[in-house]
Structure formats: structure tokens, C-alpha cells
Amino acid sequence: MKTILITGAGAGIGRATARAFLGAGWRVGLVGRREGPLRDAAADHPGAVVLPFDVTDAEAVERGFAAFVAAAGRLDVLFNNAGIFLPSGMIDEIALDDWRAISAVNIDGMYLCARAAFGIMRRQDPQGGRIINNGSVSAHVPRYGSAPYTMTKHAVTGLTRALSLDGRAHGIACGQIDVGNALTGMVDAMTKGVPQADGSLAAEATMDVADVARSVLHMASLPPEANVQFMTVIATTMPFIGRG
């Protein structure tokens, strides 16, 4: 049985992806800060391993990854998904505590989980595995008033590229999925009106989060000799091409 660990699995993209992998017969580790939403997402599925811990806590990350390997035998894939967003605002009006909070999850958490997965994959037998980082269309072009979020997602792209290079000698593939307007709680505001490049407010098209989950399942299911380096999955008519 193939194995995957999914961070941020209690809601949104992480929850939908966990459900998709469980449905496909994978052994799935569900990671999040709150046990209740993780157990709800797992729905008592026999393939689920519920792992409540905070991705910004280095010691908790190491313990959680070790617990998953102890339960599942090995780690084939990490979906490095956990992330948060901030309300739109100019950089000089965003509190430093808010910047530290978003960077702790979107950068430190992403790094710590990739670090733990890379170490396991490099040392397990047979060696290797796959890391899929959740970037964003903001890893390519920013939204108006999104400097902190955009900065963190550009950092994710740097991590993806570095791990793709460093993982070659160890059979570790790394790719990135960049998502635009999948309908989750975090994106619900898009249907009501969000700032555009000219500062106006406008509703934007969204897509079913299940389409993202299927895309991650495709990336994870490729044979070791193939990798999706970057995949962009967006609502067809959202302002991405020509966003500015």
C-alpha cells in the first residue's frame, strides 16, 4: 500500500486531498493542529493515521513523521500543504506579528516538514519518495495588497527547486501545485468581491476543491522516473492570465 502524509488535512484542500487518497486505497497520515477536524476528515477509514501536531514546532514535526512511519512502514509522498492567508493590506499597515505568524506556517512549517520527509526518504529502504509542495498562483503573480502571502509563496518555489536538485541523487522527486480559487473556506470571499489590480472589488470565479485533490493524486501516482515539476490548477475564468 502506498503511503502519503498530508499537512493541513483538517480543512480545505488538505481535507479534500486526504479523502481522495483514502478513496484510492492509500495509507494516509492526516496532520493538523486540531484532532477533531482530522478525525472528521478521516471518517474512521482504516487507512487513516491521525497526527495532531503543529507544523511550526520542530520537535513535534519530527515526532509526528516518525509516528507515521512507525504506523505505515515508510513514507512514499509528502503533500506539504499547510498554509494560512492574511487579509488584503498595504505592507506598512500589516502588523509585524501577523507577518511572523504567516511566515511561521508558510515558510518555517513548509521547511520543517520537507526536512523531515527528505531525511526519511533518503534513509529508508528502498530509498526515495516524492514531495509535493502547495504553492499558489501568488508564487507567480501577486494579488493586490498581498505582500506577506506572496513573499511566502515565492519562498515555497525556491524550496521546490532546491529539493528537486538535491533529491536527484537519493531518488526523491519534488514538484509543486499552484492553485487558484479552489472553493474552500479560505477562498469563500472570492465569490463576494476581492481587491483587483486597479484597487476595485470584484467577485471571481471558483472551482471545486475536488479538482485540486485529483490533480495531487495524479502527481503522487506517477512512477519514480516521472515528475510534474509545476502544475497550475485554476478556475478557468479567474483573473490570473492578465491579472495585472
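Everything numeric in this text was worked out from a predicted model, so none of it was measured. (Residues numbered from 1 in each chain as written. Predicted model: local features only at pLDDT ≥ 70, side-chain atom pairs only at ≥ 80, totals over all residues. Heavy atoms only, no water.)

Draft legend 1. Representation of the sheet that holds strand S6 (residues 172–180) within the structure. Taken together, 7 strands build an open sheet; the order of strands is S3-S2-S1-S4-S5-S6-S9 and the sheet is parallel. Taken across any chain shown, the strands that pair with only one partner, and hence form the sheet edges, are strand S3 (48–52) and strand S9 (230–234). Taking the axes of each pair of neighbouring strands and ignoring which way they run, one obtains an average angle of 15 degrees across the sheet. As judged from the 5 bridges shared by S6 and S9, these two strands associate in the parallel manner. Along S9, the bridge assignment pairs Gly 180 with Ile 234. Docked against the sheet, helix H4 (residues 96–123) engages strand S1 (3–7), strand S4 (77–80), strand S5 (129–134) and S6, running at close to 175 degrees with respect to S4. (Pairing = 2+ DSSP bridges. Helix = DSSP H or I, 4+ residues; strand = E, 2+ residues; numbered from the N terminus. Axes fitted to C-alpha atoms, helices over the stretch in contact; angles between N-to-C directions. Contact = heavy atoms within 4.5 Å.)

Draft legend 2. Structural detail: the pattern of salt bridges. In the structure shown here, the tally under the stated rule is 7 salt bridges. With a shortest N-O distance of 2.7 Å, Arg 39 and Glu 35 are connected by a salt bridge. One end of the pair, Arg 39, and the other, Glu 35, are both in helix H2 (residues 35–42), 4 residues apart, so they sit about a helical turn from each other. Between Asp 211 and Arg 214 there is a salt bridge; the shortest N-O distance is 2.2 Å. Pair noted here: Asp 211 and Arg 214 are both in helix H6 (residues 209–221), with a separation of 3 residues, about one helical turn. (Salt bridge = Lys/Arg side-chain N within 4 Å of Asp/Glu carboxyl O.)

Draft legend 3. Representation of the packing of helix H1 (residues 12–23) against H2 in the model. Here H1 crosses H2 at 35 degrees, and the two axes come no closer than 9 Å. Here H1 runs over H2; the crossing is right-handed. Contacts between H1 and H2 involve Arg 15, Arg 19 and Leu 22 on the former and, on the latter, Pro 37, Asp 40, Ala 41 and Ala 42. Residues belonging to the contact of H1 with H2 are distributed by class as follows: 4 nonpolar, no polar and 3 charged. (Left-handed = near helix turned anticlockwise from the far one by under 90°. Nonpolar A, V, L, I, M, F, W, Y, C, P; charged D, E, K, R; others polar.)

Draft legend 4. Inspection of the confidence of the model for the chain at higher detail. Per-residue confidence for the chain gives a mean pLDDT of 94; residues scoring 70 or more make up 96%. Looking across the chain, the model is least confident in strand S7 (residues 194–195), with a mean pLDDT of 74, and most confident in S4, with 99. (pLDDT = per-residue confidence, 0-100.)

Draft legend 5. The packing of H4 against helix H5 (residues 147–166), seen in detail. Between H4 and H5, the shortest axis-to-axis distance is 9 Å and the interhelical angle comes to 15 degrees. By the angle between their directions, the pair H4 and H5 is classed as roughly parallel. As for how H4 packs across H5, the hand of that crossing is right-handed. Side by side, H4 and H5 meet where Trp 99, Ile 102, Ser 103, Asn 106, Ile 107, Met 110, Tyr 111, Ala 114 and Phe 118 of the first sit next to Pro 148, Tyr 149, Met 151, Thr 152, Lys 153, Ala 155, Val 156, Leu 159, Leu 163 and Asp 166 of the second. Residues of the contact of H4 with H5, tallied by class, amount to 14 nonpolar, 3 polar and 2 charged. (Parallel < 35°, antiparallel > 145°, perpendicular 65-115°, else oblique.)

Draft legend 6. Representation of the packing of aromatic side chains. This model, assessed by the stated rule, comprises 3 aromatic pairs. Where Phe 53 meets Phe 65, the ring centres are 6.5 Å apart and the plane angle is 55 degrees; that geometry is what we call tilted. In this pair, Phe 53 sits in the loop between S3 and helix H3 (58–72) while Phe 65 sits in helix H3, placing the two residues 12 residues apart along the sequence. When its relative accessible area of 1% is taken as the criterion, Phe 65 is described as buried. A centroid spacing of 4.6 Å and a plane angle of 70 degrees characterise the contact between Phe 85 and Tyr 149, whose relative ring orientation is edge-to-face. Of the two residues, Phe 85 sits in the loop between S4 and H4 while Tyr 149 sits in helix H5, which places them 64 residues apart along the sequence. Here Phe 85 falls in the partly exposed class, since its relative accessible area comes to 35%. (Phe/Tyr/Trp six-rings, centres within 6.5 Å; stacked < 30°, edge-to-face > 60°. Buried < 20%, exposed > 50% of the residue type's maximum accessible area, 1.4 Å probe, protein only.)

Draft legend 7. Highlighting the environment of Ala 202. Note that Ala 202 resides in strand S8 (residues 201–202). On the basis of relative accessible area, Ala 202 is assigned to the partly exposed category, the value being 27%. Residues Ala 202 and Lys 192, 10 residues apart in the sequence, show an inter-C-alpha distance of 7.4 Å.

Draft legend 8. The pairing of S4, seen in detail. Residues Val 77 and Phe 79 line one face of S4 and the alternating positions Leu 78 and Asn 80 line the opposite face, and both faces are buried. As defined by bridge partners, S1 adjoins S4 across 3 bridges and the pair is classed as parallel. Counterpart to Ile 4 in the pairing with S4 is Val 77. Sheet analysis places S4 next to S5, joined by 4 bridges and oriented parallel. When the sheet's bridge partners are listed, Leu 78 is paired in S5 with Ile 131. In this region the chain leaves S4, passes through H4 and returns to the parallel neighbour S5; the handedness of that crossover is right-handed. (Right-handed = clockwise from strand over helix to strand, strands pointing away.)

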